[in-house]
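Summary of the model geometry
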Amino acid sequence: MKPATRLAWFTTTSLMVLLWSGVALAHDVAQGDRAFVESTQGPAFFPFLYLGAKHMVTGYDHILFLIGVVMFLRRTRDVVLYVSMFTIGHSLTLLLGVLFKTGANSHLVDAIIGLSIVYKGAENLGWLKQIGWSVDTRLAVLIFGLCHGLGLATKLMSLSISPDGLIFNLLSFNLGVELGQILVLLFVVSLLNAWRTSPNFEKRAAVTNRLLVGAGSLIIINQAGEYFAT
């Protein structure tokens, strides 16, 4: 196995192990970041830019979904198209959700995000075609992008954000999310491009997508349990 292929396989597997171990299930706004946000008064471009990028880079659910989205996209324009649909979706609900205080139960939102991971893994495996279910993937990515953004908005609304400089800070946070997403995509797409040179790529990709379905299902079960426990 080539070093790049081995690294891609190790990275994907590590994400799954991290999720199953329960460490990633604690993903939320860190206490230090929470304290900073709640104490900030007025515009703070770089801190909110950093927080947005950090949230995306450490957001296992967003990363797993993006892996599923770009796994079989070989052309750059296709990657840009699908990621743009996802970006438009989560940017809209993030900004509008916070500004108009339109949130949702965070556990339900996270369960839907888990469903989005299951969907991409199942679609990549061809399971949806087998049951005769045809969905416009671009529309599906846009809709799930809206859900991901609503999840971000819900987490932000759980904080006591000052109205002073709110719009500026929200835009800074969203820009940070986009920068974080670009960093994640550069890493993931580079690994996938190297991994595709492996003669066993299709077989290992199938295993990876089954892991995505399992990981998404775990998120759904965990978040549904948290919802009914509250």
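Given the structure is predicted, the values throughout are model-derived calculations rather than measurements. (Residues numbered from 1 in each chain as written. Predicted model: local features only at pLDDT ≥ 70, side-chain atom pairs only at ≥ 80, totals over all residues. Heavy atoms only, no water.)

**So, the nonpolar core**
Applicable threshold: To qualify as a nonpolar core, a set must consist of buried Ala, Val, Leu, Ile, Met, Phe, Trp, Tyr and Cys residues joined through side-chain atoms within 4.5 Å. Using a 1.4 Å probe on the protein chains alone, a residue whose accessible area is under 20% of its type maximum counts as buried, one over 50% counts as exposed, and one in between counts as partly exposed. Secondary structure elements follow DSSP: runs of H or I no shorter than four residues count as helices, runs of E no shorter than two count as strands, and numbering proceeds from the N terminus. A contact between two residues is defined here by any heavy atoms of the two lying within 4.5 Å.
Within the largest apolar cluster, 31 residues are counted, with the highest numbers of intra-cluster contacts made by Val69 and Val70. In terms of residues, this core owes the most to one element, helix H4 (residues 60-70), which gives eight residues. When near neighbours in sequence (up to four residues on either side) are disregarded, Val69 contacts Tyr82, Lys120 and Val141. Among the nonpolar cores identified, the runner-up in size contains 15 residues, and Ala44, Met56, Leu159 and Val177 belong to it.

**Some remarks on the confidence of the model for the protein**
Note the following rule: The predictor attaches a confidence to each residue, and that confidence, scored 0 to 100, is pLDDT.
Averaged over all residues, the pLDDT of the protein is 83; the fraction at 70 or higher stands at 86%. Here residues 18-27 scores under 50 on pLDDT; set against residues more than four positions off or in separate chains, the count is 21 contacts.

**Some details on H4**
Taken across its 11 residues, H4 has 11 buried, putting it largely inside the fold. Restricting attention to buried positions, one finds in H4 the residues Tyr60, Asp61, His62, Ile63, Leu64, Phe65, Leu66, Ile67, Gly68, Val69 and Val70.

**Topic: the side chain of Arg196**
Just so we agree on the cut-off: Asp and Glu are treated as the negative residues and Lys and Arg as the positive ones, with His and the ends of the chain left uncounted. Salt-bridge detection follows one rule: a side-chain nitrogen of Lys or Arg within 4 Å of a carboxyl oxygen of Asp or Glu. Here a polar contact is taken to be a pair of N or O atoms separated by no more than 3.5 Å, where protein atoms must pair a possible hydrogen donor with a possible acceptor and residues adjacent in sequence count only if both atoms sit in side chains.
Relative to the helices and strands, Arg196 is located in the loop between helix H9 (166-195) and helix H10 (201-229). Despite being buried, Arg196 has no salt bridge partner; Glu202 is the closest side chain of opposite charge, sitting 7.3 Å away. A distance of 3.3 Å separates a polar side-chain atom of Arg196 from the backbone oxygen of Val70. One polar contact links the side chain of Arg196 to the main-chain carbonyl oxygen of Met71, over a distance of 2.7 Å.

**Describing the packing of H4 against H9**
Short version of the rule: Axes, fitted as lines to C-alpha atoms, cover a helix only where it is in contact. Angles between the N-to-C directions of the axes lie from 0 to 180 degrees. Convention used here: angles under 35 degrees read as roughly parallel, angles over 145 as roughly antiparallel, angles from 65 to 115 as roughly perpendicular, and any remaining angle as oblique. By convention, the crossing between two helices is left-handed when the near helix turns anticlockwise from the far helix through less than a right angle, and right-handed when the turn is clockwise. Note on residue categories: nonpolar means Ala, Val, Leu, Ile, Met, Phe, Trp, Tyr, Cys or Pro, charged means Asp, Glu, Lys or Arg, and polar means any other residue, Gly included.
In the contact formed by H4 and H9, the axes pass within 10 Å of each other and the chain directions differ by 45 degrees. The angle between H4 and H9 places the two elements in the oblique class. Note that H4 runs across H9; the crossing there is right-handed. Contact with H4, carried on its side by Ile63, Leu66, Ile67 and Val70, involves Gln181, Val184, Leu185, Val188, Val189 and Leu192 of H9 and no other residues of that element. Looking at side-chain class alone, the contact of H4 with H9 contains nine nonpolar, one polar and no charged residues.

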